[in-house]
Amino acid sequence: MFLGLNRFCTLSMIENKIVLTNHHTEAYSYISPKLAILLLIINDKNDYDVIIREIQKILGVSREKSKSIVDFTLKKLSGYITYSKEKAVYGDIMFDLKDIINDFGKITVDNVSNLPSQIHLMMTNHCNHSCIYCEKNAIYANECDAQVLFDYLTPDVVNDVLRTCKENNAKPHFVLTGGEPLLSPYILTIVETIKKYGFETMLVTKGISDFVKFEELCKCGVDIIRFSLDSCFEEKEDILAGKGTYAEIMNCLNIAKKYNSKIIINTVLMLENYSEIEEMVKFCVDKGVKIVHFVVVRPQGRCHNDLALTQEQMLICKNKTIELQEKYRELIRIIFTCDYTNCTEDICKNCAKRFEVINVHKGGVITSCGQKMYLGSVMEEGLIDIWKKHIIKSQNA
């Protein structure tokens, strides 16, 4: 039997952590130096019996003990390791043994915090665009109609969450998303309140024609703006997301640059545009954007299967982003993620996001990472109690 890191996985050292990332999903885990060393050996040797002998030789233990160590590792990292009868293409490890040895004492594996480190504010499920690939099946509403709707997260709910975080010395990162969060009539008030509490904010948007409103938001001090742009060609972007979308994004992007907001471009890859990865990277470099995130289309919501990429096409995209990251490494950071609907139970139970992310919806409803589970409502019980119950349940799963 041959084994190694799944070809869509990478193992990297980020600051004082060793991060195991599954690019076939949005899952990641923080692992210990010892476990990282085992992965280095597994990815180097590949053959199951050879790996057991190597561990036996290094540790000076019996074959049975060595086998139990390897089998425990494979079980713990189920979903990140691939098995086959013959050698295959394996994932990448971005460091070697000497890097671990040099930083062994500095490497940390975070404990669970008393509150999540990332809180997604689901501002609305309505959107002024009509993206053909929308995974959430957001409800279309033009900017005028949106003002009379009631599908919004309200400031009182957000303020309750903010107050709890402040009282418990938590410092979460707040992500404003939707639908199109800019449709919310409360967005300026909510951002101003978040900034008064001293927390970092990220806006996820596809732009809006009300440039005055967008500029007011930039003045409030949004830290990061993540623009969804799926083609650097105006005609194609308008086909994918609706007429006028490209112009709205470009105008908003230029306003954001004027206020020195950190800008990220998020590009959904599908059959129509997956061959344009390098063009998008060059476009981002020309615009002075420092991060571009390519995400493979997810066939759910409004997105049909005929937009989906095959496994082979996904691998082409992954390899292309690796090649381009080397080519443009001084200019831009390139991130690649495949379809998180492939996030199996084995991957999910080992993912650090379970202990880092929640979503806040209208009416105070709280859901887990990926909106997979209803956790409670801050209108009925405190956020601390909701979070503690979630952690206990997750740790005992």
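The structure displayed is predicted, hence computed values, not measured ones.

Draft legend 1. Here's a closer look at the pairing of strand β12 (residues 224–228). Of all 5 residues in β12, 5 are buried; the element is thus mostly enclosed. Here β12 shows two buried faces, one formed by I224, R226 and S228 and the other by I225 and F227. Pairing of strand β11 (residues 200–205) with β12 involves 4 bridges; the strand directions are parallel. Along β12, the bridge assignment pairs M202 with I224. You can see the chain leave β11, run along helix α7 (residues 211–220) and come back into β12, and the turn it takes is right-handed.

Draft legend 2. Layout of the sheet that holds strand β18 (residues 374–377). Read from one edge to the other, the open sheet built from 10 strands follows the order β15-β14-β13-β12-β11-β10-β7-β16-β17-β18, with strand pairing classed as mixed. Every other strand in the sheet has two partners, leaving β15 (333–337) and β18 as the edge strands with one partner each. Neighbour to neighbour, the strand axes of the sheet diverge by 20° on average, direction disregarded. Pairing analysis gives 3 bridges linking strand β17 (residues 365–368) to β18, with the strands arranged antiparallel. When the bridges of β18 are listed, V365 appears paired with S377. Sheet strands touched by helix α10 (residues 277–287): β13 (262–269), β14 (291–296) and β15. Its angle to β14, the strand with the most contacts, is close to 155°. Helix α11 (residues 311–327) contacts β13, β14 and β15 of the sheet and is inclined by roughly 165° relative to β15.

Draft legend 3. The arrangement of the sheet that holds strand β2 (residues 9–14) in detail. Pairing is mixed across the open sheet formed by 4 strands, whose spatial order is β4-β3-β2-β6. A strand with exactly one partner marks an edge of an open sheet, and here the two such strands are β4 (27–31) and β6 (92–93). Pairing analysis gives 5 bridges linking strand β3 (residues 17–22) to β4, with the strands arranged antiparallel. In the sheet register, V19 faces β4, and the bridge partner there is Y30. Across the sheet, helix α1 (residues 33–45) lies against β2, β3, β4 and β6, angled at about 115° from β4, the strand it touches most.

Draft legend 4. Geometry of the environment of D99. Mapped onto the fold, D99 is located in helix α4 (residues 97–103). Under the relative-accessibility criterion, D99 is labelled partly exposed at 24%. Sequence-wise, D99 and M13 are 86 residues apart; in three dimensions their C-alpha atoms are separated by 8.8 Å. Within the structure, the side chain of D99 is placed 3.0 Å from the backbone nitrogen of D96, a separation counted as a polar contact.

How each quantity is defined
Residues numbered from 1 in each chain as written. Predicted model: local features only at pLDDT ≥ 70, side-chain atom pairs only at ≥ 80, totals over all residues. Heavy atoms only, no water. Buried < 20%, exposed > 50% of the residue type's maximum accessible area, 1.4 Å probe, protein only. Helix = DSSP H or I, 4+ residues; strand = E, 2+ residues; numbered from the N terminus. Pairing = 2+ DSSP bridges. Right-handed = clockwise from strand over helix to strand, strands pointing away. Axes fitted to C-alpha atoms, helices over the stretch in contact; angles between N-to-C directions. Contact = heavy atoms within 4.5 Å. Polar contact = N/O pair within 3.5 Å; in protein donor to acceptor, adjacent residues only side chain to side chain.

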